[in-house]
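Architecture and fold: a report
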Amino acid sequence: MYKILANTIFLGKDIICLPECHSTNDFAVDLYKRKEAKEGTIIYTDHQTGGRGQRGTEWHSQAGKNLTFSLVLTPLFMDATEQFDLNIAISLAIKDALDDYCSGVRLKWPNDIVHETGYKLGGILIENSISNKGIESAVVGIGLNVNQRDFDFEGPTSVAKLTGSEWDLWELFKVLISRIEQYYIRLKKQDVGAMRRRYLHHLLDHEKWRMFDDGKVFEGKITGVTAQGKLMVEHRNKEVKHYAFKEVKFL
Amino acid sequence: MKAKEIQELIDFISNSGLAEVKIETDEFKLSIKKNAEVPAAKVTEVITAAPQQTQSNTPAPNPSPAPSTPPASKGEDQSKYIEVKSPMIGTFYRTPSPDTDAFVNVGDTISAGQTVCIIEAMKLFNEIESEISGKVVKILVDNATPVEYDQPLFLVDPEG
């Protein structure tokens with residue numbers, strides 16, 4: 001089934017809706033490689049059966065309850081070393097869209113959307129293709145818990161759980177896409193300074209003392225994120241260390 | 001000057017008839033010399049006086065030298081080989097996902113534009129395309145280990 005969004009300039013002018021899909025990211029990557037997808041193409045599914053988080057970890061989603069989709073972008077204007085800015089732009093777009101529905105939405109470094117209580121609302125998985133010209137393509141996968149109320153394990157929450165009522169998925173999807181497009185256009189205009197500040201402002205536990213583990217358990221506070229996306233954590237002895245993903249754990 | 005701009009400059013020069021180019025501004029000095037045996041240009045000197053950099057908004061190329069290439073194996077002439085380098089800091093993966101075959105193995109013939117590995121940085125996954133065609137002579141980095149910006153990943157024989 002094909003759908004077209006009316007409230008955008010280029011994003012979602014070509015939407016492929018699938019009743020079931022193993023992974024919308026894989027589908028989008030394949031499509032792009034076969035030159036059947038272009039900037040703005042979206043793959044949307046009611047039921048993602050093999051969604052991925054970090055290499056290997058699975059994303060559990062009940063059929064028809066949540067939003068799972070991937071969009072294709074061709075951000076050749078971005079340098080490969082600046083790619084975290086794309087993650088920031090997408091994160092902020094999702095946060096802005098969800099703010100219309102519930103309060104307390106925060107961003108968790110590096111790519112999660114959470115409630116201020118720490119429960120996870122969704123995640124972003126970006127897969128780029130890099131050539132000597134820069135970022136040839138970026139497939140942005142987004143999974144958001146909207147109407148699912150029961151989860152197999154402790155950790156996730158949903159918009160329905162937080163607000164007490166169910167929501168129209170397609171309406172939320174339209175708001176999301178239009179916000180993502182706005183942020184992507186800002187990115188294209190190199191308006192990244194304000195975005196990076198805004199990302200920090202909404203980052204979970206920014207400037208708050210909490211426990212971390214970097215091989216040793218320590219008390220620290222997040223003071224910022226580097227241009228490459230590394231987390232800056234200040235230790236009690238005033239030393240600020242930069243961590244890549246997996247080099248530090250939140251306890 | 002961004003890494004990408006330097007890259008574009010090198011591409012431009014290597015495709016031109018020029019043997020050597022020197023550019024100097026207030027901010028940097030760049031000297032590029034083309035080696036007759038190696039098709040790709042070689043940057044001999046990069047950014048002597050780095051521009052004012054701030055942590056927050058200048059993801060400039062790492063001015064410190066990347067870890068050097070491993071020593072040449074005995075008696076073998078490696079000067080004709082070309083390196084595929086990492087365009088970013090991250091973790092190097094040879095496979096598309098944990099339980100699948102490697103993108104490329106030693107002895108494989110690759111073509112320009114072919115995906116040779118994934119570099120993961122802050123949970124962003126990057127399929128890296130080779131800029132050159134040839135035979136993979138050596139894989140210089142172990143799977144799932146960290147790599148620096150510009151670190152050589154593969155050694156490719158363009159005549160292979």
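Calculation notes
Each chain carries its own residue numbering, running from 1 in the written order of its sequence. Starting at A for chains and at 1 for ligands, labels are handed out in the order in which the entities are written. For this predicted model, a pLDDT threshold of at least 70 governs which residues receive local features, and a threshold of 80 or more governs which side-chain atom pairs are given and counted, while totals over whole chains, interfaces and linings are taken from all residues. Here the side-chain values reflect all heavy atoms present in the structure, with hydrogen atoms and water set aside. Axis angles are defined between N-to-C directions and span 0 to 180 degrees, where every axis is a line fitted to C-alpha atoms and, for a helix, only to the segment in contact. Counting from the N terminus, the helices are the DSSP runs of H or I reaching at least four residues and the strands are the DSSP runs of E reaching at least two. In this scheme, roughly parallel covers angles under 35 degrees and roughly antiparallel covers those over 145, while 65 to 115 is roughly perpendicular and the rest are oblique. The contact criterion used is simple: two residues touch if any of their non-hydrogen atoms lie within 4.5 Å. Each residue gets one of three labels, nonpolar for Ala, Val, Leu, Ile, Met, Phe, Trp, Tyr, Cys and Pro, charged for Asp, Glu, Lys and Arg, and polar for the others, Gly among them. Cysteine sulfur atoms are paired as a disulfide whenever they come within 2.5 Å of each other. Buried area, as used here, totals the accessible surface that two parts lose on assembly, with accessibility defined by a 1.4 Å probe and the loss added over both. What counts as a salt bridge is simple: a side-chain nitrogen of Lys or Arg found within 4 Å of a carboxyl oxygen of Asp or Glu. Polar contact is defined as a pair of N or O atoms within 3.5 Å, subject to the rule that within protein one atom must be able to donate a hydrogen and the other to accept it, and that residues adjacent in sequence are counted only when both atoms are side-chain atoms. When the centres of two rings from Phe, Tyr and Trp lie within 6.5 Å, Trp using its six-membered ring, the rings pair. Their planes under 30 degrees apart give stacked, over 60 give edge-to-face, and anything left gives tilted. Classification of residues uses two cut-offs on accessible area relative to the type maximum, computed with a 1.4 Å probe and protein chains only: under 20% is buried, over 50% is exposed, and between them is partly exposed. Charge-over-ring placement is defined geometrically: NZ (Lys) or CZ (Arg) within 6 Å of the ring centre, and within 35 degrees of the ring normal. An automatic or database domain assignment is the source of the domain bounds shown. Following DSSP output, two strands are said to pair if at least two bridges run between them. Expected span of a helix: the number of residues minus one, times 1.5 Å.

1. Digging into the packing of helix α4 (residues 169-188) of chain A against helix α5 (residues 192-201) of chain A
Residue and element names in this part refer to chain A. Two elements in contact, α4 and α5, have axes separated by 9 Å at closest approach and are oriented at 130 degrees. If you check the angle between α4 and α5, you find them oblique. On the side of α4, the interface is formed by Y183, R186 and L187, while α5 contributes V192, A194, M195 and R198. Taken together, the residues of the contact of α4 with α5 break down into five nonpolar, no polar and two charged.

2. Let's talk about the state of the cysteines
Scanning all chains against the criterion turns up zero disulfides over all chains. Unpaired in this structure, A:C21 has its nearest cysteine sulfur neighbour in A:C17, at a distance of 11 Å.

3. Some thoughts on the interface of chain A and chain B
With 38 residues of chain A at the interface, the matching set in chain B holds 30 residues. Surface buried jointly by chain A and chain B totals about 3000 Å² across both partners, of which 53% is contributed by carbon and sulfur atoms. Joining chain A to chain B, the criterion identifies one salt bridge. Here B:E127 makes a salt bridge to A:K33, at a shortest N to O gap of 3.0 Å. The interface formed by chain A and chain B holds ten residue pairs in polar contact (both at pLDDT 80 or more) in total. Considering each element in turn, the side of chain A that touches chain B owes the most residues, seven residues, to strand β7 (residues 120-131) of chain A.

4. Overview of the packing of aromatic side chains
Enumeration over the complete set of coordinates arrives at 13 aromatic pairs over all chains. Arranged with centres 5.9 Å apart and planes meeting at 55 degrees, the rings of B:F92 and B:F154 form a pair that is tilted. One end of the pair, B:F92, is in strand β5 (residues 90-93); the other, B:F154, is in strand β11 (residues 152-157), and 62 residues separate them in sequence. Each member of the pair, B:F92 as well as B:F154, is classed as buried. Within the aromatic cluster, the residues linked to one another by ring pairs are A:Y44, A:F69, A:W170 and A:F173. In this arrangement the basic side chain of A:K108 is found over the ring face of A:F250, its NZ or CZ atom lying 4.9 Å from the centre.

5. Focus on the domain arrangement of chain A
Residue and element names in this part refer to chain A. Entries for chain A in the domain assignment read domain 1 (2-201) and domain 2 (209-250). The straight-line distance from the C-alpha centre of domain 1 to that of domain 2 is 26 Å. Across the contact surface, domain 1 and domain 2 share zero salt bridges. The tally of links between domain 1 and domain 2 comes to one residue pair in polar contact (both at pLDDT 80 or more). For the side of domain 1 that touches domain 2, the element with the most residues is α5, which contributes three residues. Here the residues of the side of domain 1 that touches domain 2 sort into five nonpolar, two polar and two charged.

6. Looking at the sheet that holds strand β9 (residues 134-139) of chain B
All names here are of chain B. Pairing is antiparallel in the open sheet, where four strands are placed in the order β4-β11-β9-β6. Only two strands of the sheet have a single partner each, and these edge strands are β4 (82-85) and β6 (109-110). In terms of strand pairing, β9 meets β11 through four bridges, oriented antiparallel. Paired with K135 across the bridge in β11 is D157.

7. Observations concerning helix α2 (residues 84-99) of chain A
Relative to the 22 Å expected for 16 residues at 1.5 Å per residue, α2(A) spans 22 Å between its end C-alpha atoms, a close match to the ideal helical length. The buried fraction of α2(A) amounts to 15 of the 16 residues, a majority that puts the element mostly inside the structure.

8. What about the pattern of salt bridges?
Residue and element names in this part refer to chain A. Applying the stated rule across the entire model yields 19 salt bridges over all chains. Between E36 and R34 there is a salt bridge; the shortest N-O distance is 3.2 Å. The salt bridge partner of D85 is R196, with a shortest N-O separation of 2.7 Å. Pair noted here: D85 is in helix α2 and R196 is in helix α5, with a separation of 111 residues, a long-range link. Since its relative accessible area comes to 4%, D85 is described here as buried. Salt bridges linked by common partners bring D205, K208 and R210 together as one network.

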